[in-house]
Amino acid sequence: MTSDHDLLWRRCVHLGHVLLPLVDQEPWRQARRHETLQRWGISTVEGEQLIEIFAALAAHAAATEASLSAVEFGSLPLKAVADAAIGKSDIELLAGVPAAFADGTRDGQMVGVFRLYVYRGGPYSHRLFRLSRELHHALITLAERAPTPSTTCGDLFRRWDTEVGLPQAD
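Computed from a prediction, not measured in an experiment: that's the story for all the values here. (Residues numbered from 1 in each chain as written. Predicted model: local features only at pLDDT ≥ 70, side-chain atom pairs only at ≥ 80, totals over all residues. Heavy atoms only, no water.)

Examining the packing of aromatic side chains
Part 1 of the argument: Applying the stated criterion to the full structure yields 3 aromatic pairs.
Part 2 of the argument: Taking the centre distance of 5.0 Å and the plane angle of 90 degrees together, the rings of F54 and F114 count as edge-to-face. Of the two residues, F54 is situated in helix α3 (residues 44-65) and F114 in helix α6 (residues 106-120); the sequence distance between them amounts to 60 residues.
Part 3 of the argument: Assessed through its relative accessible area of 1%, F54 is described here as buried.
Part 4 of the argument: On the accessibility criterion, F114 (0% relative accessible area) is buried.
Part 5 of the argument: Ring geometry for Y117 versus Y124: centroids 5.1 Å apart, planes at 65 degrees, classification edge-to-face. (Phe/Tyr/Trp six-rings, centres within 6.5 Å; stacked < 30°, edge-to-face > 60°. Helix = DSSP H or I, 4+ residues; strand = E, 2+ residues; numbered from the N terminus. Buried < 20%, exposed > 50% of the residue type's maximum accessible area, 1.4 Å probe, protein only.)

So this is what it looks like as C-alpha cells:
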C-alpha cells in the first residue's frame, strides 16, 4: 500500500513534469531557456530534467512545511513553491525525498544528479543556484499568467488538463 508521503511525492513530481510544457506555450520561452542553459554549460536535456526535479523537491518542501497531505496538495500556492526553490538550501530540499524512491526511474536518476551537484559543490552548486532562479522565474510566470491572483498547484494541474489536453497522473 502506498503511503500519503509517497502519494504527495508523486504529486510533486507531476508538478515538475507539467511545469515546462505549460511555460512553453509561448515558444520563445523554450528557445530562451535552451540558449541560457547552453550558455551555462548545461545540456538542454539535463538542465530541463534538473528543473523538473528541482520543482518536485521545492513543491515537496513547501507542502511538507505547510503540513499538506497529497489530497491537499492542490491548494498549495505556486508562490510557496517558487519561494522554496530560492529560499531553501539544497540539503533542505533533499531531506524530503522518500527513502524508497525508485532509483531506476528517470526521476530517481535526476534526484541522484541533483544530489551529486549538491555534494560536489563549487561550479555545480553555482549551476543549482542558476537553475533555482530559472525555476523560480517559470513558476512566477505561470502564476502571473493565471486569471486568479493566488494560483495554486491544483490550478496548474487543471490548466495542464485543459490547455495541453493530456491526462493528469496521480
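After that view, the rundown keeps rolling.
Regarding unusual backbone geometry
Part 1 of the argument: In this model, S67 sits at a positive phi of 55 degrees, which is unusual for a non-glycine residue.
Part 2 of the argument: Topologically, S67 is positioned in the loop between α3 and α4 (78-87).
Part 3 of the argument: On the accessibility criterion, S67 (62% relative accessible area) is exposed.

Examining the side chain of R33
Part 1 of the argument: Mapped onto the elements of the fold, R33 is located in helix α2 (residues 27-39).
Part 2 of the argument: Of the residues examined, R33 reaches a relative accessible area of 3% and is grouped as buried.
Part 3 of the argument: Excluding anything up to four places from it in sequence, R33 contacts L20, V23, D24, E48, I51 and E134. (Contact = heavy atoms within 4.5 Å.)

Concerning the nonpolar core
Part 1 of the argument: One finds L15, F73, F114 and L131 to be the most contacted residues of the largest nonpolar core, which totals 52 residues.
Part 2 of the argument: Elements with a contribution of two residues or more to this core: α1 (4-23), α3, α4, α5 (90-94), α6, α7 (123-145) and α8 (153-164).
Part 3 of the argument: Broken down by element, this core gets its largest block of residues, 12 residues, from α3.
Part 4 of the argument: If near-sequence neighbours (up to four positions away) are discounted, F73 is found in contact with L8, R11, C12, L15, A59, A63, L68, C153 and F157. (Core = buried A, V, L, I, M, F, W, Y, C linked by side-chain atoms within 4.5 Å.)

Notes on the environment of L139
Part 1 of the argument: Inspection of the secondary structure puts L139 in helix α7.
Part 2 of the argument: In this structure L139 comes out as buried when scored by relative accessible area, which is 0%.
Part 3 of the argument: Filtering out sequence-adjacent residues up to four positions away, L139 remains in contact with L19, L78, V81 and A82.

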